[in-house]
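# Summary of structural features
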Amino acid sequence: MKKVALITGASRGIGKAVAERLDADGFKTALIYLHSEDKAKELADSLANESRIYCCDVSDGSAVNETVKEVVSDFGRIDLLVNNAGIAGQKLFTDITDSDWDKMLGTNLSSVFYFSRAVLPGMINRKEGKIINIASMWGEIGASCEVHYSAAKAGVIGLTKALAKEVAPSGITVNAVSPGVIMTDMMSSFSENDVKALTEEIPLLRTGTPADVAGCVSFLAGSDAGYITGQVISVSGGMVI
Ligand code: NAP
């Protein structure tokens, strides 16, 4: 029987590459998007295995509960949850408003709580399942002018480690992938010079691709990673060692 993966933020960037890779690995996919419906539709149509799209604001707990119910009703179960949806933003710390803070934490951290909480009862009943959270190197080492983003991603790392301990006896693994500089729309606010300067700090001398991150997710989602839980795997070209 083909396994079912739910991927948030699957319409573009890293989430899209993760969906393509998991489809190639034989998963059926539930693709969560918010604004990019056409892109999500196009992706679902291009995949070999059954794939459906769902519009859901990942920062809204009730919407997440409804979406997970819908996915389970369509596919019967969720074997793998990839919490990938996220936003970034650069601001001086003292310019961050309450609403900037709430949006950043809601989209990048509360979303991981909401989806994991909604998906786990089914996994616990079956005594198997995997959760993979997309964190960020800035959650590990902190980024100037991205304190709210760094705090949210550090929260994702803490949630990953604690939840891994709690659900391991139920046969469920929880891991995080921590990307470095990956060329997606999220990097569009960086100038060519910013990217050049960042690239000079990367030991492997290149920025990452969404496929680099998807490869790590594919490994963690597969049976070779069955004895790995609570880990944060850096996909940063050596920028974080
Ligand atoms: P991206 O290209 O900007 O794509 C972001 C995705 O998240 C889109 O599919 C978007 O959906 C979705 N999304 C955003 N807010 C949402 C919401 N409230 N509800 C539902 N979906 C929402 O970003 P990316 O670079 O692929 O980033 C993916 C993940 O990797 C993020 O968690 C990011 O923090 C992390 N990351 C990225 C980098 C990097 O260098 N790119 C580095 C470290 C970590 P719609 O377009 O449909 O609205």
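First things first, this report covers the structure right here in the doc.

As a further point, take the overall build of the protein chain. Within the protein chain one finds eight helices and seven strands. Against the compact-globule benchmark of 18 Å for 241 residues, the protein chain has a radius of gyration of 17 Å, which places it among compact chains. By principal-axis analysis of the C-alpha atoms, the protein chain measures approximately 50 × 40 × 35 Å. Residues classed as buried in the protein chain amount to 49% of the 241 residues present. Of the roughly 11,500 Å² of accessible surface on the protein chain, 52% is carried by carbon and sulfur atoms. Here the protein chain carries 22 positive and 29 negative side-chain charges, and the mean point of each set is 7 Å from the other.

Approximately 1,200 Å³ is the volume found for the largest pocket. Lining the largest pocket are 47 residues, and of these Arg 12, Gly 86, Ile 87, Ala 88 and Met 186 lie nearest its centre. Those elements that place two or more of their residues in the lining of the largest pocket are α1 (13-24), β2 (28-33), α4 (98-126), α6 (147-167) and α7 (192-200). By residue class, the composition of the lining of the largest pocket is 21 nonpolar, 19 polar and seven charged. Counted as a void, the second largest pocket has a volume near 270 Å³. Surrounding the second largest pocket, 16 residues form its lining, Lys 3, Glu 128, Gly 129, Lys 130 and Ala 221 being those nearest its centre. Secondary structure elements with two or more residues in the lining of the second largest pocket: β5 (129-134) and β6 (172-179). Grouping the constituent residues of the lining of the second largest pocket by class yields four nonpolar, seven polar and five charged.

A few words on the side chain of Lys 153. Note on placement: Lys 153 falls in helix α6. Despite its burial, Lys 153 remains without a salt bridge, the nearest opposite charge being carried by Glu 146 at 9.8 Å. Among all residues touching Lys 153, those that are not within four sequence positions of it are Asn 108, Ile 134, Ala 135, Ser 136 and Gly 139.

Taken in spatial order, the seven strands line up as β3-β2-β1-β4-β5-β6-β7 in an open sheet, and their pairing is parallel. Each edge of the open sheet carries a strand with a single partner, namely β3 (51-55) and β7 (232-235). Strand-to-strand twist in this sheet, taken as the mean axis angle between neighbours without regard to direction, amounts to 20 degrees. The sheet contact formed by strand β1 (residues 4-7) and β2 spans four bridges and is parallel. In the sheet register, Leu 6 faces β2, and the bridge partner there is Ala 30. Strands β1, β2, β4 (80-83), β5 and β6 of the sheet are contacted by α4, whose axis makes an angle of about 175 degrees with β4.

Below, the discussion takes up the nonpolar core. Residues Ile 7, Val 18, Leu 22, Leu 31, Leu 80, Val 82 and Val 177 are the most contacted members of the largest nonpolar core, which totals 27 residues. Elements supplying a minimum of two residues to this core: β1, α1, α2 (37-46), β4, β5 and α8 (210-221). With six residues, the single largest contributor to this core is α8. When neighbours within four sequence positions are excluded, Ile 7 is seen to be in contact with Gly 15, Val 18, Ala 19, Leu 22, Thr 29, Ala 30, Leu 31, Ile 32 and Val 82. Ile 32, Cys 56, Leu 81 and Val 119 belong to the second largest nonpolar core, which has 25 residues in total.

Each value, and the rule that gives it
Every residue gets a number counted from 1 within its own chain, in the order that chain's sequence is written. Where local features are concerned, this predicted model is filtered to residues with pLDDT of at least 70; where side-chain atom pairs are given and counted, the filter is 80 or more; whole-chain, interface and lining totals use all residues. Only hydrogens and water are removed before side-chain values are computed, so all heavy atoms of the structure are retained for them. In this text, helices come from DSSP runs of H or I with a minimum length of four residues, and strands from runs of E with a minimum of two, each type numbered from the N-terminal end. The globule rule used here is 2.2 Å times the number of residues to the 0.38 power, and the radius of gyration it is set against is calculated over C-alpha atoms. Categorising residues by exposure relies on relative accessible area from a 1.4 Å probe, with only protein chains included: less than 20% of the type maximum marks a residue as buried, more than 50% marks it as exposed, and the intermediate range marks it as partly exposed. Computed by Shrake-Rupley with a 1.4 Å probe, the accessible areas treat only the displayed protein chains as cover when residues are assessed. In this charge count, Lys and Arg are treated as positive and Asp and Glu as negative; neither His nor the chain ends contribute. The atoms used to mark charge sites are NZ of Lys, CZ of Arg, CG of Asp and CD of Glu. A cavity here means a set of 1 Å grid points, computed over protein atoms only, where a 1.4 Å probe fits but cannot escape. A pocket is an open set with protein on both sides within 12 Å along at least 5 of 7 lines, and lining residues have an atom within 4 Å of a point. Grid points are joined across faces, edges and corners, and a volume is the space filled by probe spheres set on the points. Note that Gly is not counted as nonpolar here; it falls among the polar residues with everything else outside the nonpolar set of Ala, Val, Leu, Ile, Met, Phe, Trp, Tyr, Cys and Pro and the charged set of Asp, Glu, Lys and Arg. Whenever a carboxyl oxygen of Asp or Glu lies within 4 Å of a side-chain nitrogen of Lys or Arg, that contact is scored as a salt bridge. Residue contacts follow a heavy-atom distance rule, with two residues in contact if any of their heavy atoms lie within 4.5 Å. Two strands pair under a simple rule: DSSP has to find at least two bridges between them. Under this scheme, a helix contributes an axis fitted over its contacting stretch, all axes are lines through C-alpha atoms, and angles between N-to-C directions fall in the 0 to 180 degree range. By convention a nonpolar core is built from buried Ala, Val, Leu, Ile, Met, Phe, Trp, Tyr and Cys residues, the set being connected through side-chain atoms within 4.5 Å.

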